[in-house]
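# What the coordinates show
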Amino acid sequence: MKSALITGITGQDGSYLAELLLEKGYKVYGIMRRKSVVDYGNVEPIKEKIEFIYADMTDIVSLINAMKISQADEVYNLAAQSFVATSWEQPIATAEIDAVGVTNLLEAIRTVKPEAHFYQASTSEMFGLVQETPQTETTPFYPRSPYGVAKLYGHWITKNYRESYGMFACSGILFNHESERRGKEFVTRKITNAVARIKHGLQEYVELGNLDAKRDWGHSKDYVKAMWLMLQQEKPDDYVIATNETRTVREFVDIAFKKAGLDLEWSGTGIHETGKEKNTGKVLVKVNPKFFRPAEVELLLGNPRKAETRLGWERKISFEDMVERMVLNDMEMITKELAAQ
């Protein structure tokens, strides 16, 4: 039986990956930070099938201990301070976790079990001010946030350990991927949760930032399959995982409201319900400058051809299906909350 160690196991990607590995017969270990209140997050339904180890990305001794306990054949580093906006408020903490933390984990693997296969969660935010479109594995990086900069360090230190020590270390340059399990602080889940609340009369409108920002959005469940595939290859390499489709935040908003049975009318003074007299209907979406980034990333579009041809990876959940899943999930959650009151 193979064993796998997952950092960030309670998050969106960690939970989908844990489910995938359990289905494949792995012994799954998950790293958790010790808190005053234990929070299993997205793996709450399967927590009995996982062995948890208390450790922290900023504490190399705890990571060495985690490797000794798990003797993991595969290590997936999904732990991160992953909210771009927060990285401007906490740039040092972001660097310690997302950059130096990767080195700590690589050193722990090298010390305990150097033959283990390692996956680093890199990100399209490393491209930032994009130098070419679409972005591929050879596109120059130009990060535009402390998060992107820290992740770029993690990406390059992974490559360095691969080339310097002969370790099986891969980076997946994953473009935006969402799901029903995405945290509510992320714009996509913020939208779908707001849509559900508006539909149920619990909220009047949602405030957003740059509606014209373009992203390449896929579903997390498809993307964790790519992570696993990378570690099953004969040789380690880095791969872009994306859809090769770009959508604006505005498109996401439009589809989300439609899936909830609310059509929008776009105008210069706000975004209204359709069917109302122009500019007099109830405003459902407002643009608030405070949600704009200090340095905006306008366009991200990835070309996944290398992953498709070499890994045999394919995307199965479409953009519209992804948005629908998220909206219906939030609608169901709010219905349950109201019924419980």
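For the structure itself, look to the data block above.
Report follows, based on the coordinates. This structure is a prediction, so every number in the text was calculated from the model and none was measured.

### Some thoughts on the nonpolar core
Counting 33 residues, the largest nonpolar core has I6, L17, L21, Y76, Y119 and I241 as the members making the most contacts within it. Elements supplying a minimum of two residues to this core: β1 (3-7), α1 (12-23), β5 (117-123), β6 (168-174), α7 (220-230), β11 (239-241) and α9 (305-311). Here this core takes seven residues from α7, the largest share from any one element. Within the second largest apolar cluster, 29 residues are counted, among which are F252, L284, M322 and M326.

### Structural notes on the pairing of strand β4 (residues 74-77)
The side-chain alternation of β4 yields two buried faces, one formed by E74 and Y76 and the other by V75 and N77. The pairing of β1 with β4 spans four bridges and is classified as parallel. In the strand pairing of β4, I6 is matched with Y76. Inspection of the sheet shows β4 paired to β5 by four bridges, in the parallel sense.

### Some details on the pattern of salt bridges
One pass over the full model with this rule turns up 19 salt bridges. When the shortest N-O distance is used, the salt bridge between E320 and K259 registers 3.1 Å. Pair noted here: E320 is in helix α10 (residues 319-340) and K259 is in helix α8 (residues 249-259), with a separation of 61 residues, a long-range link. Of the charged contacts in the structure, one is a salt bridge between E332 and K336, with a shortest N-O distance of 3.3 Å.

### With respect to the sheet that holds strand β3 (residues 51-54)
With parallel pairing, seven strands are arranged side by side in an open sheet as β3-β2-β1-β4-β5-β6-β11. Looking at the sheet topology across the chains shown, the edges are occupied by β3 and β11. Averaged over all neighbouring strand pairs, the angle between strand axes comes to 25°, with direction disregarded. In this fold α1 packs onto β1, β2 (27-32) and β4, with an angle of close to 175° to the strand it touches most, β1. Helix α2 (residues 60-70) contacts β1, β2, β3 and β4 of the sheet and is inclined by roughly 155° relative to β3.

Rules used throughout
Starting afresh in each chain, residues are numbered from 1 along the sequence in its written order. Where local features are concerned, this predicted model is filtered to residues with pLDDT of at least 70; where side-chain atom pairs are given and counted, the filter is 80 or more; whole-chain, interface and lining totals use all residues. Only hydrogens and water are set aside when side-chain values are computed; all heavy atoms of the structure are taken into account. The definition of a nonpolar core used throughout is a set of buried Ala, Val, Leu, Ile, Met, Phe, Trp, Tyr and Cys residues joined through side-chain atoms within 4.5 Å. Categorising residues by exposure relies on relative accessible area from a 1.4 Å probe, with only protein chains included: less than 20% of the type maximum marks a residue as buried, more than 50% marks it as exposed, and the intermediate range marks it as partly exposed. By the criteria applied, helices consist of DSSP H or I runs no shorter than four residues and strands consist of E runs no shorter than two, each listed in order from the N terminus. Think of it this way: DSSP has to see at least two bridges between two strands before they count as a pair. What makes a salt bridge here is a side-chain nitrogen of Lys or Arg within 4 Å of a carboxyl oxygen of Asp or Glu, nothing more. Axis definition: a line fitted to C-alpha atoms, over the contacting stretch in the case of helices. Angles run 0 to 180 degrees between N-to-C directions. Should any heavy atoms of two residues lie within 4.5 Å, those residues are considered in contact.

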